[in-house]
Structure formats: structure tokens, C-alpha cells
Amino acid sequence: MGSLLEAEERLLVEEEPLLEVQDVHPYTGDGSIDIKGHPILKHHTGNWRACFFILVKLANHVLFLLKGMTILTLSASLPALKPPICAGSICPEASLAQQIIFFLGLYMIALAAGGIKPCVSSFGADQFDDTDPLERTRKGSFFNWFYLAINIGAFISGTILVYVQDNYGWGIGFGIPTVFMAMAIGSFFIGSKIYRFQKPGGSPIIRVCQVVVAAVRKWSLDLPHDSSLLYELPGKTSAIEGSRKLEHTSELKFLDKAAIVCTDDAKYGNFSHPWRLCTVTQVEELKILVRMFPIWATSILFSAVYAQNSSMFIEQGMVLNKRVGSFDIPPASLSTFDVISVIIWVPIYDRVLVPIARKFTGRERGFSELQRIGIGLFLSILAMIAAALVEIKRLEIAEAEGLIHEKVVVPMSILWQIPQYAFVGAGEVFTCIGQVEFFYDESPDAMRSLCSAFALLTVSLGSYLSSFILTMVSAFTSRGGEPGWIPDNLNEGHLDRFFWVIAGLSLLNLLVFIYCAMRYKCKRAS
């Protein structure tokens, strides 16, 4: 990871003459501070030198989360916590205590991952100064390496650590990531003096509620024709700590009523009660969230496609020939090709596609965030089409071999699933990274971690959506005694039609996304 980042630093420095670099001030221009709260020098802090510590910490954290799951291991190892052994087809129900321990481990993993990922992405991006053209370009690259670090951790966890645990025991298997995690935490704190910090702006949820309450209180008042009469602090100072001012927009005018200076406000000079009077910047924060909602919503279906990696792709692999040479490939392990696809595509995107696109678009990052997300949504459609075509061929072979009513493996190699996993991985590089980048850049300055968390929320919602679609398809296709599209014996079903449904929904979703993206108005900060 260190050599990759050093190479990135050198390549970006070589590109400096191509970028419009202005005379830089010794201090950062985005209001960053050091760990003691003082203005921070640009040339000795932040940038890739700080991101190295952050990305190493993240990669080790992912590695530890996936296979350092101590509570789950204990629940599967200690006799008192392990569920009773099945007697043939009869499996006694686990006790309440055993269930609590098991689910506690699962929820602790979810809590840890949900807590660190949105904060790490925002904190890493904060190491680059928005007011510096060169650093803005480097920040675009950071999001790529951020996602690469996650997948490197997942790849090591799913391959090397699995081998160690299976061949040398769980103790060593857990000990290795624990040692590396301790080293990563130490290195993370070593870099404290070179990190750039943004001033906390208070609770964004409270600010949103204040705008709604203030607007409802003044719902009967008429908006002034001149938007400059709406309340805002003079000069460049924002009422929100650590945030730039946002320019007024003409959308969602009802919310502007929260910034109307009424007679009572002017008479008593009561400008410090945010539940009655909000600044234009505070109102615009809520408007930005509303404008981003359609883009956020259209990302959920991509996560539903991604969820097939751990559900229906595996079911499909179970009825394919898993023998490759002298090895039997577990269907679940094929998801490694998704991770490999990401690891391959990130450098290609960052070092090949972006420079080429930059020549045509003139953008610092080659593609806009919305263009990048759209390309990923298209690739997700190709993934489902590839899965459907594999399933069609599998059913043809099953029929030719007379295996339709036999619950057996079809003589077709499981390696035919690689393209669908590869398309999903490529889609992640475009949509998932583009989404994180979009929510960071377009969110209000004091809401970046919150909006990054919203981006991650699409992953869980996509899983729920996938389960809902699967349930509906099974219910509607198995009526009247029919086996349905997804029966226990997939040779009798039509799993391909389920994949076509997801592909069709993804196409409709892409069209909605394009419509929303064309109408989206970027934020304007001053």
C-alpha cells in the first residue's frame, strides 16, 4: 500500500504543470486546523503523507472485522455457547443466551463498520485543501485508494487468513489480524501531528429540525421579492462553525420562510434564536439534502445487484460443476473475483481512464461524480444480463442431459460465473466510489460524515430490497402448485427470469437516475 501511494504522489507531481496552480498561501485555505486547534501549515501536513496512515488503518480494520470476529468464534466453539448438534434432520433450537451471543457478535461488527467507514472517508478527504487545484485532484484519487484499501483488506481476509485458520487453527488466525490492528492503531496516532482537522459544526440533525420548525412557524408570512432580505450573517463568516456560506437558491421556497426577518425579530433584535430564525446557509443545508435524495435513492438498486454476490449467485453456483482440475471451488469463494475486479479496476480508472477523460471533458477528475455513478449503474445491468445468460445455458444443458427433475449439479463449469462477478466489481469502482465522492463534495461542509453515512445506508437497504424482490417473485410464481422460478431444485425453475427482472428494474432505475442527474443543481459555496 505504501509503494502504491508513493507512486501516486510522484505521478501527480509530474502532472502539476498541466494544472492551473496558483501562488499558494502557507496556510490551508479551507479553514483546517491542527490537533491543538491552530491554523495549519499546508506544506507540512495533510495530503498523501497523512492519508497513508489513514488507509493502512482502514485496511487493517476491514481485515480485522471480517475474520477477527471473536464473539462469533466463541459462540461456535465453547460448548456452553454452541447450539446443540443436529440429530439427523432434527435440529434442537438454540437457547436464548446462545442466540443473544451470536447476534451480539453480528451487531458489533455492523456497529464498528458503520461507525468507522463514513468517518474515515470524510477524514481522509479533509486532508486535501479544496482551495488548491492540485490538492482537489489528489482528493479525487484518494477516494479510489480508499475503496482499494477496503478491498485489499477483504481479499487478504478471505484468502490468506482463511487458509491460516483452516490449517493452523483459529488462535493464530485471530492473532495475526489482532497484531496488525494494534500496529495500525499505533501508526494512526503517530500521524496525529500532520493531520488536518475541520472544526465541528454541531448536530446537523438539530439544524435541520430548526429549519423545519422555523419555516412552519412563519408559514403565513410572505417571502420578500429580494432574497438578499433573508437573514444571513454579514461578511464571509458563517453561523455554522467550520462551514462556508452557501448561496441562496430559488428551489423549495417554503423553507426560505425560516430565514424571514419578521417584525418581532427586527424589533427586539432577536437574531440568536435558531428555532425561530435561521440563516440562509442553514436553510440551504436542508435544501441540499432534499436535492441529493433522488440520487441517493437510485443507488439502492445497485446495492440490490451487489447483494446477489452473497445470495442468488451462490445458489446458482451450487448447481454448477465446482471441479476445476484437482480442486473443488466453493461457490461462495467466487465472490473473490468481485474483489479482484475492484483491485484491478481502481488503478486502471485512476491512472488510465481519468487522464484520458480529462483531455475530453476538461474536468480535474475526468468524469463528474454523477457520470461515474451512471456508468456503474450501467455495468450492474450487464452483470445481471451475464448471470441470466449463464443460467439459460445451464438450463439448456440440464434439459439436454435429462436432469430437469433431478436435484443434481449440471455439467457446466462454475468458472462461467466469473464475468458476472467481474461486472459487479467494475460497477463498484464507478458507482460506489462515485457515490462516496458525490456525497462528500456536494454535502454541506458540516454534514460530510452524515452524508457519507447515508451513502453506506444504501448497502443495507439494497440487501432488504433484494430480499423483498426475491420474496415477491417466489410468491407470485409459485401459485397454483407451480414450482415457481426459484424452487428448491433450481433445475426445475427459471432463475434466469429472476435475473432478467433485476436487470429490467436496473434499466428503469438508470433512466430515472439520468433524469434526476440532468436536473441536479450543484451546491454553491462562498
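As recorded in an unreviewed UniProt entry, the protein goes by the name Protein NRT1/ PTR FAMILY 8.3-like, listed as coming from Ananas comosus var. bracteatus. Entered under Subcellular location (unreviewed entry) in the UniProt record, the comment concerning the protein runs "Membrane". The UniProt entry for the protein carries the following text under Sequence similarities (unreviewed entry): "Belongs to the major facilitator superfamily. Proton-dependent oligopeptide transporter (POT/PTR) (TC 2.A.17) family."

### Focus on helix α16 (residues 418–442)
In this model α16 runs 35 Å from its N-terminal to its C-terminal C-alpha over 25 residues, within 8% of the 36 Å that 1.5 Å per residue would give. If you look at α16, its biggest bend is around 35 degrees, right at E428. By the criterion of burial, α16 is predominantly enclosed, with 21 of the 25 residues buried.

### Some thoughts on unusual backbone geometry
The residue L252 is not glycine, and still its phi comes out positive at about 50 degrees. Tracing the sequence through the fold places L252 in the loop between α8 (204–217) and α9 (253–256). Exposure remark for L252: the relative accessible area of 37% places this residue in the partly exposed category.

### Overview of the packing of helix α5 (residues 133–158) against α16
In the contact formed by α5 and α16, the axes pass within 10 Å of each other and the chain directions differ by 130 degrees. Here α5 lies oblique to α16, going by the angle between them. In terms of crossing hand, the pair formed by α5 and α16 is right-handed. Along the contact surface, α5 presents K139, G140, F143, N144 and Y147, while α16 presents E428, C432, I433, V436, E437, Y440 and D441. Tallied by class, the residues present in the contact of α5 with α16 amount to 6 nonpolar, 2 polar and 4 charged.

### Looking at the layout of surface pockets
By rolling a water-sized probe across the atoms, one finds the places where empty space is left. The computed volume of the second largest pocket comes to approximately 530 Å³. The set of elements that each furnish at least two residues to the lining of the second largest pocket consists of α5, α15 (369–400) and α16. Looking at which domains feed residues into the lining of the second largest pocket, each of domain 1 (52–84 + 93–191) and domain 3 (284–519) gives three or more.

### A closer look at helix α14 (residues 336–361)
Of all the bends in α14, the greatest measures close to 45 degrees and is centred on Y349. Within the span of α14, buried status applies to T336, D338, V339, S341, V342, V346, Y349, D350, V354, P355, A357 and R358. With its phi angle positive at about 75 degrees, G362 sits one or two positions after the end of α14.

### Considering the confidence of the model for the protein
Taken over all residues, the pLDDT of the protein has a mean of 82, while the share at 70 or more is 87%. Of all secondary-structure elements in the protein, the lowest mean pLDDT belongs to helix α1 (residues 2–14), at 46, while helix α18 (residues 495–519) reaches the highest, 96. Predicted confidence for residues 2–23 stays below pLDDT 50, and this span has 31 contacts to residues more than four positions away or in other chains.

### Some details on the packing of aromatic side chains
Any aromatic ring pair is given by two values, namely how distant the centres are and how the planes are angled relative to each other. Inspection of every chain in the model, using the stated rule, returns 19 aromatic pairs. Here the aromatic rings of F188 and F189 are separated by 5.7 Å at their centres, their planes lie at 75 degrees, and the arrangement is edge-to-face. Judged by its relative accessible area of 23%, F188 is partly exposed. The exposure class assigned to F189 is exposed, which follows from its relative accessible area of 56%.

### Concerning the nonpolar core
The biggest cluster of nonpolar side chains holds 67 residues, and the ones touching the most others in it are F142, M292, I295, F438 and F513. In terms of residues, this core owes the most to one element, α16, which gives 9 residues. Setting aside anything within four residues of it in sequence, one finds F438 in contact with M292, I295, E369, L370, I373, S443 and Y520. If you look at the next biggest cluster of nonpolar residues, it comprises 30 residues, including V390, M412, I469 and I502.

### Side note on the environment of L457
Mapped onto the fold, L457 is located in helix α17 (residues 448–477). Spatially, the C-alpha atom of L457 lies 8.7 Å from that of G114, the residues being 343 residues apart in sequence.

### Description of the side chain of Q316
Along the chain, Q316 falls in helix α13 (residues 312–318). Among the polar contacts made by the side chain of Q316, one reaches the main-chain carbonyl oxygen of A387 at a distance of 3.2 Å. In terms of polar contacts, Q316 uses its side chain to reach the side chain of Q417, at 2.9 Å. For Q316, the residues in contact, after removing those within four places along its chain, are A387, V390, E391, Q417, Q420, L490, L495 and F499.

### Looking at a nonpolar patch on the surface
Nonpolar side chains collect at one region of the surface, where Y163, Y168, I172, I176, V179, F180 and M183 lie side by side and expose about 720 Å² of accessible area between them. Where the nonpolar patch is concerned, the elements lending two or more residues are α6 (160–168) and α7 (170–190). By residue number, the principal contributor to the nonpolar patch is α7, which donates 5 residues.

### Things to note about the environment of L370
Mapped onto the fold, L370 is located in helix α15. Beyond its immediate chain neighbours, meaning those up to four positions away, L370 contacts I295, F438, F513, A517 and Y520.

What counts, and where the lines are drawn
- Residues numbered from 1 in each chain as written.
- Predicted model: local features only at pLDDT ≥ 70, side-chain atom pairs only at ≥ 80, totals over all residues.
- Heavy atoms only, no water.
- UniProt positions renumbered as here; feature names shortened; annotations may be inferred.
- Helix = DSSP H or I, 4+ residues; strand = E, 2+ residues; numbered from the N terminus.
- Expected span 1.5 Å × (residues − 1).
- Bend = angle between axes of the 7 residues up to and from the residue.
- Buried < 20%, exposed > 50% of the residue type's maximum accessible area, 1.4 Å probe, protein only.
- Axes fitted to C-alpha atoms, helices over the stretch in contact; angles between N-to-C directions.
- Parallel < 35°, antiparallel > 145°, perpendicular 65-115°, else oblique.
- Left-handed = near helix turned anticlockwise from the far one by under 90°.
- Contact = heavy atoms within 4.5 Å.
- Nonpolar A, V, L, I, M, F, W, Y, C, P; charged D, E, K, R; others polar.
- 1 Å grid on protein atoms, 1.4 Å probe; cavity = no way out; pocket = protein on both sides within 12 Å on 5 of 7 lines; lining within 4 Å.
- Points joined across faces, edges and corners; volume = space filled by probe spheres on them.
- Domains from an automatic or database assignment.
- pLDDT = per-residue confidence, 0-100.
- Phe/Tyr/Trp six-rings, centres within 6.5 Å; stacked < 30°, edge-to-face > 60°.
- Core = buried A, V, L, I, M, F, W, Y, C linked by side-chain atoms within 4.5 Å.
- Polar contact = N/O pair within 3.5 Å; in protein donor to acceptor, adjacent residues only side chain to side chain.
- Patch = residues over 30% accessible without salt bridge, like charges linked within 9 Å, V, L, I, M, F, W, Y side chains within 5 Å.
- Areas by Shrake-Rupley, 256 points an atom, 1.4 Å probe, with all protein chains shown as cover.
- Salt bridge = Lys/Arg side-chain N within 4 Å of Asp/Glu carboxyl O.

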